[in-house]
Amino acid sequence: ALANPITAHYDVAHGQAVGLMMPHIIRANALDPGIAMLYQQLAGALGCQASPQASADFIASWFSDALLQSGLHTNLNQLPVPNEALPKLAHDAMPQWTLQHNPRLMDANEVLSIYQSAF
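Residues numbered from 1 in each chain as written. Predicted model: local features only at pLDDT ≥ 70, side-chain atom pairs only at ≥ 80, totals over all residues. Heavy atoms only, no water.

### Some words on the overall build of the protein chain
Then, in step 1: The number of helices and strands found in the protein chain is six helices and zero strands.
Then, in step 2: Its helices and strands in sequence order give the protein chain the pattern α-α-α-α-α-α, from N to C terminus.
Then, in step 3: Viewed in the frame of its principal axes, the protein chain has a C-alpha envelope of about 40 × 30 × 20 Å.
Then, in step 4: Counting only residues that meet the buried cut, the protein chain has 41% of its 119 residues in that class.
Then, in step 5: Residue pairs at least 24 apart in sequence account for 62% of intrachain contacts in the protein chain once pairs closer than 6 positions are excluded.
Then, in step 6: In the structure as shown, the protein chain presents an accessible area of about 6,300 Å², 58% of it carried by carbon and sulfur atoms. (Helix = DSSP H or I, 4+ residues; strand = E, 2+ residues; numbered from the N terminus. Buried < 20%, exposed > 50% of the residue type's maximum accessible area, 1.4 Å probe, protein only. Contact = heavy atoms within 4.5 Å. Areas by Shrake-Rupley, 256 points an atom, 1.4 Å probe, with all protein chains shown as cover.)

### Some words on unusual backbone geometry
Then, in step 1: Although it is not a glycine, Asp 11 sits at a positive phi angle of roughly 50 degrees.
Then, in step 2: Its location among the elements puts Asp 11 in the loop between α1 (3-10) and α2 (14-29).
Then, in step 3: Judged by its relative accessible area of 74%, Asp 11 falls in the exposed class.

### Examining helix α6 (residues 108-118)
Then, in step 1: Restricting attention to buried positions, one finds in α6 the residues Glu 110, Val 111, Leu 112, Ile 114, Tyr 115 and Ala 118.
Then, in step 2: At its buried positions, α6 is contacted by α1, α2 and α5 (86-93).
Then, in step 3: Two or three places before Asn 109, at the opening of α6, Asp 107 has a side-chain oxygen 3.1 Å from that residue's backbone nitrogen. (Polar contact = N/O pair within 3.5 Å; in protein donor to acceptor, adjacent residues only side chain to side chain.)

### A few points about the layout of surface pockets
Then, in step 1: Counted as a void, the largest pocket has a volume near 300 Å³.
Then, in step 2: In terms of lining, the largest pocket is formed by 15 residues, of which the most central are Ala 1, Leu 2, Met 22, Ile 25 and Thr 98.
Then, in step 3: Of all the secondary structure elements, the ones that give two or more residues to the lining of the largest pocket are α1 and α2.
Then, in step 4: Broken down by element, the residue count for the lining of the largest pocket peaks at six residues, all from α2.
Then, in step 5: For the lining of the largest pocket, the residue count by class is nine nonpolar, six polar and no charged. (1 Å grid on protein atoms, 1.4 Å probe; cavity = no way out; pocket = protein on both sides within 12 Å on 5 of 7 lines; lining within 4 Å. Points joined across faces, edges and corners; volume = space filled by probe spheres on them. Nonpolar A, V, L, I, M, F, W, Y, C, P; charged D, E, K, R; others polar.)

### Focus on the packing of α1 against α5
Then, in step 1: The geometry of α1 relative to α5 is characterised by a closest axis approach of 8 Å and an angle of 120 degrees between their N-to-C directions. Accordingly, the angle class assigned to the pair α1 and α5 is oblique. The two elements α1 and α5 cross, and the hand of that crossing is right-handed. Between α1, through Pro 5, Ile 6, His 9 and Tyr 10, and α5, the contact on the second element is made entirely by Lys 88, Leu 89, Asp 92 and Ala 93.
Then, in step 2: Here the contact of α1 with α5 is composed, by residue class, of five nonpolar, one polar and two charged. (Axes fitted to C-alpha atoms, helices over the stretch in contact; angles between N-to-C directions. Parallel < 35°, antiparallel > 145°, perpendicular 65-115°, else oblique. Left-handed = near helix turned anticlockwise from the far one by under 90°.)

Written out as structure tokens, the structure is:
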């Protein structure tokens, strides 16, 4: 959901936008203890034995490293997305149908915070 406005407004390849936002979404979703435990299971499968929150950070970092190894950008400030556009991106992400399938409900302020963390 957060990748769609980036793609629509700034002609960024959708896969680039999805990949860039994923580590930030992982960290935001891990604020829910139940979701963090799922990340702990995933991190364990990758050989990381850590607390649920540390596991989420491990997964997010693993994802960022994969982006770098693929030659993709990891921050919005590496794309033609100006910082002042973040509130508009957050506004445009809210009605995306895919946001309803995220395991955590998010309001516009949290979505904006995620974009800010990605900048």
